[in-house]
Amino acid sequence: MLKVLLKNRLEALLSVLTGASRTKKAQSKGKLIGFAALMILSLVSIGTLFSRIFEVIGPAFHWAGLGWLYFALAAVITFGLMLVGNVFVAKSQLYEAKDNDLLLSMPIKPIHILLSRLFLLLVLAEVLALPVVIPAMLYWPGSVGVPGWVALILSFFVILPLLNLVVSSLLGWLIHLASARARNKSLITLVISLAFLGGYMYFSFRMNSMLTSLVENHEGLEKSLGAVAPLVWIGKAVTQGELLPLLLLLAASLALGVLALLLLSRTFIRTATARGTGAKKRYVERTARAHSPRAALLIQELRRLWGLPAYLLNGGLGVFFVVLAAVALLVKGKALTGMPEWPYIAPLLQSIFVVAACFMAVTIILTAPSISLEGKSLWLPKSLPVSSWDILQAKLRLHLLLAVPALLLCSTVMALVLGYKGLTLVLLFALPPAYALFSALLGLFENLRHPNFNWVNETQAVKSGASVMITMFVGMGMSALPVLVYALLGDYISMEAVGFGMLGLLLVLCALLYLWLRKKGTRIFDAL
């Protein structure tokens, strides 16, 4: 039975990665290659970020004889990335999967269900290790030898994934228990998610100063790391071939994995079938308020967004970043305008901030999974006495209602702090909302073409659907397009001309997408 469950998990993972729809039709080779290219591009994008770090510190640490510290830092970064990527997936996959009740009603041992879910988390951890390990090895100027390669594989693809599996599973269990007992489950999950993300971003932004401090105070550092000796063992095993401490760490990791598995298996049924013990709401009689069909559909979309933490966090996180950018600029903007070179760099910096606002606009992805999230309940909105176009419009309005006001707020702060004038001021207020409209229309377009109703948990539809990936990468490419055009043709045209050309292109694309959704899109929705 465990073999069947593992096969089922792998098929579900491949279905998500290849964009298989609920019809389960075989995907063409072109689509398979396209989705594989998107996944590889995602990993390459993450790896590029980390490669900039290793490119700088690799030669410096090698020259200073701090190879063990270099790979210890790589281990910390790898474990952090695994933890951020896995902890909420563990929460949703282990305890909030839609098929938990079905599987537990069958003659299947709970530990087998748990092992199949943990196997999926282990595969994800292995994949997340690649964009860190590959750049770390590429930019390490020294030779590690055969023992070093053995240590590298054991450390980054066996020990760290095992330890991450233990930590993320236990944290996912604790977060599930905390959110299940809370009055507002979505708010608790959102706060914890932002705390994790904020901690990882703080570590990333402080990386340069931390590395400088480590290099300047490297004497005696090895002794001071006694509390986290496994980091020293990993670093020395890779650079010096000291495998015995690493084997002891492997044995300890396996033992911790077994203990965590026993603990989770003993509580799995009770936790997975719990329906929450939050405070009961007291009934208060109120007069029902009537809404128009359009307003009722929008309220329904807002309630779904607020009721699904994964949807709110992944689809609407860009809104949070836009508001955060506005606050940061309002607080720190004087540091920019107070520079002696400000009159000379102001035009370039203003254009950079416009591009940054456009990039943040395309990180808001609410429409791309909105149809997939209907799942097997898609018949409910289709049974309402409203048109399919009204349903699709509600999803578009939700996206624009959250994205456009936040972007206009950010643009207003930029205009006040950075002193935009003339045509650049027009672009500041016109381009980001145009990108938001394009992202909303494109997301709905792609979700109609690539719906995924086979998800076990909403996180699968929100984070890994084909429509989400395509919308995200196309949006990022469109936000980078004006930069590329100006880099190639900057000697012949101005930045304002490039901006207005991009605005015109976006409006044309938005008009075409709108017409497609209005006509063919509604027919596709009716046929789903």
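Scroll up to find the structure.
Everything numeric in this text was worked out from a predicted model, so none of it was measured.

### Considering helix H19 (residues 466-489)
Part 1 of the argument: Across its 24 residues, H19 extends 34 Å between first and last C-alpha, which sits within 8% of the 34 Å expected from 1.5 Å per residue.
Part 2 of the argument: The largest bend in H19 amounts to roughly 35° and is located at Ala480, with the proline Pro482 lying one to four residues further along.
Part 3 of the argument: Buried within H19 we find Ala466, Ser467, Val468, Met469, Ile470, Thr471, Phe473, Gly475, Met478, Ser479 and Pro482.

### Let's talk about a nonpolar patch on the surface
Part 1 of the argument: A surface patch of nonpolar side chains, amounting to about 440 Å² of accessible area, comprises Val323, Val327, Leu330, Val331 and Leu409.
Part 2 of the argument: It is helix H13 (residues 309-337) that provides the largest number of residues to the nonpolar patch, a total of 4 residues.
Part 3 of the argument: Along the chain, Val327 falls in helix H13.

### What about the pattern of salt bridges?
Side-chain pairs of opposite charge can arise where the charged atoms are in close proximity.
Part 1 of the argument: In the structure shown here, the tally under the stated rule is 5 salt bridges.
Part 2 of the argument: Note that Arg304 and Glu301 form a salt bridge whose closest N and O atoms lie 3.2 Å from each other. Note that Arg304 and Glu301 are positioned in helix H12 (residues 293-307) at a spacing of 3 residues, about one turn of the helix.
Part 3 of the argument: With relative accessibility at 15%, the residue Arg304 sits in the buried group.
Part 4 of the argument: Of the residues examined, Glu301 reaches a relative accessible area of 3% and is grouped as buried.
Part 5 of the argument: Between Lys395 and Glu301 there is a salt bridge whose closest N-O contact spans 2.9 Å. With Lys395 in helix H16 (residues 388-418) and Glu301 in helix H12, this pair connects stretches of sequence that are 94 residues apart. No difference in accessibility class separates Lys395 from Glu301, as the two residues are buried.
Part 6 of the argument: A network of salt bridges, in which partner residues are shared, links Glu301, Arg304, Glu374 and Lys395.

### Examining helix H17 (residues 422-449)
Part 1 of the argument: Its 28 residues give H17 an end-to-end C-alpha distance of 41 Å, which sits within 8% of 40 Å, the value for a rise of 1.5 Å per residue.
Part 2 of the argument: Considering bend angle alone, the principal kink of H17 is centred on Leu428 and spans about 25°; proline Pro432 follows within four residues of it.
Part 3 of the argument: The element H17 is extensively covered by neighbouring structure, given that 20 of its 28 residues are classed as buried.

### Observations concerning the packing of H16 against H17
Part 1 of the argument: In the contact formed by H16 and H17, the axes pass within 9 Å of each other and the chain directions differ by 155°. By the angle between their directions, the pair H16 and H17 is classed as roughly antiparallel. In terms of crossing hand, the pair formed by H16 and H17 is right-handed. Two secondary-structure elements touch here, H16 through Leu392, Lys395, Leu396, His399, Leu400, Ala403, Leu407, Leu408, Ser411, Thr412, Met414 and Ala415 and H17 through Leu425, Leu428, Phe429, Pro432, Pro433, Ala436, Leu437, Ser439, Ala440, Leu441, Leu444 and Leu448.
Part 2 of the argument: Its residues assigned to classes, the contact of H16 with H17 comprises 19 nonpolar, 4 polar and 1 charged.

### Considering the nonpolar core
Part 1 of the argument: Within the largest apolar cluster, 65 residues are counted, with the highest numbers of intra-cluster contacts made by Tyr311, Ile371, Met414, Leu431, Tyr435, Leu506 and Phe525.
Part 2 of the argument: Here the element with the most residues in this core is H16; it accounts for 15 residues.
Part 3 of the argument: With near-sequence residues (within four places) excluded, Leu506 lies in contact with Leu431, Ala434, Tyr435, Phe438 and Met478.

### Section: the environment of Val485
Part 1 of the argument: Looking at the secondary structure, you find Val485 in helix H19.
Part 2 of the argument: Residue classification places Val485 among the partly exposed residues on the basis of a relative accessible area of 28%.
Part 3 of the argument: Separated by 14 residues in the primary sequence, Val485 and Gly499 place their C-alpha atoms 9.9 Å from one another.
Part 4 of the argument: Contacts of Val485, omitting those with residues within four sequence positions, involve Gly490, Ile493 and Val498.

### Quick word on the packing of aromatic side chains
Part 1 of the argument: Throughout the structure, instances matching the rule amount to 7 aromatic pairs.
Part 2 of the argument: With 5.4 Å between their ring centres and 85° between their planes, Trp389 and Tyr514 make a pair best called edge-to-face. Here Tyr514 lies in helix H20 (residues 495-527) and Trp389 lies in helix H16, a separation of 125 residues in the sequence.
Part 3 of the argument: A residue is classified by how much of its surface remains accessible, and Tyr514, at 37% relative accessible area, is partly exposed.
Part 4 of the argument: Aromatic pair Phe445 and Trp516: ring centres 4.6 Å apart, planes at 75°, arrangement edge-to-face.

About the criteria used
- By convention here, each chain's residues receive numbers from 1 onward along its written sequence.
- This being a predicted model, a pLDDT of at least 70 is required before a residue's local features are given, and a value of 80 or more before pairs of side-chain atoms are given or counted; all residues contribute to the totals for chains, interfaces and linings.
- As a convention, hydrogens and water are excluded, and side-chain values are obtained from all of the structure's heavy atoms.
- Helix and strand definitions here come from DSSP, where helices need a minimum of 4 consecutive H or I residues and strands a minimum of 2 consecutive E residues; each element is numbered from the N-terminal end.
- A helix's residues, less one, multiplied by 1.5 Å, set its expected span.
- Note that the bend at a residue is defined as the angle between axes fitted to the seven residues ending at it and the seven residues starting at it.
- With a 1.4 Å probe rolled over the protein chains alone, any residue whose accessible area is under 20% of its type maximum counts as buried; one over 50% counts as exposed, and the rest are partly exposed.
- Excluding any residue in a salt bridge, patches collect residues exceeding 30% relative accessible area, merging like charges within 9 Å and nonpolar Val, Leu, Ile, Met, Phe, Trp and Tyr side chains within 5 Å.
- Each accessible area is a Shrake-Rupley estimate made with a 1.4 Å probe; only the visible protein chains count as cover when residues are assessed.
- For salt bridges, the criterion is a side-chain nitrogen of Lys or Arg within 4 Å of an Asp or Glu carboxyl oxygen.
- In this analysis an axis means a line fitted to C-alpha atoms, helices contributing only their contacting stretch, and an angle means the value between N-to-C directions, from 0 to 180 degrees.
- If an angle is under 35 degrees, it is roughly parallel; if it is over 145, roughly antiparallel; if it lies from 65 to 115, roughly perpendicular; otherwise it is oblique.
- In this scheme the crossing of two helices becomes right-handed for a clockwise turn of the near helix relative to the far one and left-handed for an anticlockwise turn of less than a right angle.
- Two residues form a contact once any of their heavy atoms are found within 4.5 Å.
- We call Asp, Glu, Lys and Arg charged. Ala, Val, Leu, Ile, Met, Phe, Trp, Tyr, Cys and Pro are nonpolar, and the rest, Gly among them, are polar.
- Side-chain atoms within 4.5 Å link the members of a nonpolar core, which is a set of buried Ala, Val, Leu, Ile, Met, Phe, Trp, Tyr and Cys residues.
- Between rings of Phe, Tyr and Trp, where Trp is taken as its six-membered ring, a pair exists when centres lie within 6.5 Å; planes separated by under 30 degrees are stacked, by over 60 edge-to-face, and by other angles tilted.

Read these as layout, nothing more, since geometry by itself doesn't imply function.
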